[in-house]
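One-letter residues, chain by chain:
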Amino acid sequence: HLESWLLHMPPDARELLIRVIAGHETVSPDHEATFVNTLRGLGQDTIIFCLKTASDVNGLHRLLLQADEQLARTILDRSDHIERELAAAAKSGRKYSIAILVDVIVSGDQILKGLRHYFTHQQEAERQTEQPRPKHNYHQINDLEGFRKRFKACHEVRIISARFTNHAKERITHELQSNDK
């Protein structure tokens, strides 16, 4: 069926679709269970951060909702209040860590793009334009400098995903180390 469907596509679109399909990573029931158990084991000293808001309804959100609806609601609510959670943790003086949650990491592009959004001046530039809110569904951070300061002050940043490639892990590690984020 896939072959006959692809034959109706223009050749350049066909090649692109084949690359996308070939690079697709699935989340097995075992990966899902490990991911959910890891999330359940996060302590109160861990601030949960999904790169996009709950309104995005992306693969991570669908994975969480499919696995455990109550856990999904708790995680998405906490993540949507990332700025408040960071401020409270910093104010308390306690040691805290941040868990960045992602469903699948194939190349690392999406997570690096999201981090660049929060740690470069991209948000400031978007605020200065007269255009409507961008469609990327990243969190709107009101105090970017405070957010960045509190994020960098955490004890540890972990990226937790249901699946990832070693290439992506190496790329993300290299990029973060070279940019000292």
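Data block above holds the structure.
Quick caveat, the model's predicted, so the values are computed rather than measured.

Trainee: How do you make sense of the packing of aromatic side chains when you look at a structure like this?
Mentor: The tally for this structure, following the rule as stated, stands at 8 aromatic pairs. Look at Phe49 and Phe147: their rings are 6.1 Å apart centre to centre, the planes differ by 65°, and that puts the pair in the edge-to-face class. Of this pair, Phe49 sits in strand β1 (residues 46–50) while Phe147 sits in helix α9 (residues 144–152), and the two are 98 residues apart along the sequence. Across the pair, exposure class does not vary: Phe49 and Phe147 are buried alike. Between Phe147 and Phe151, the aromatic rings sit 5.7 Å apart at their centres with planes inclined by 45°, giving tilted as the arrangement. On the criterion of helical spacing, the pair formed by Phe147 and Phe151 is a turn pair, its members being 4 residues apart in helix α9.

Trainee: Would you explain the pairing of strand β2 (residues 97–105) in this entry?
Mentor: One face of the sheet, then the other: side chains in a regular strand alternate in exactly this way. By the criterion of burial, β2 is predominantly enclosed, with 8 of the 9 residues buried. With 5 bridges joining them, β1 and β2 adopt parallel strand pairing. Opposite Phe49, over in β2, you have Ile100 as the bridge partner. Sheet topology note: the β2/strand β3 (residues 156–164) ladder contains 8 bridges and is parallel. Pairing of Ile105 across the sheet is with Phe164, part of β3.

Analysis parameters
- Residues numbered from 1 in each chain as written.
- Predicted model: local features only at pLDDT ≥ 70, side-chain atom pairs only at ≥ 80, totals over all residues.
- Heavy atoms only, no water.
- Phe/Tyr/Trp six-rings, centres within 6.5 Å; stacked < 30°, edge-to-face > 60°.
- Helix = DSSP H or I, 4+ residues; strand = E, 2+ residues; numbered from the N terminus.
- Buried < 20%, exposed > 50% of the residue type's maximum accessible area, 1.4 Å probe, protein only.
- Pairing = 2+ DSSP bridges.

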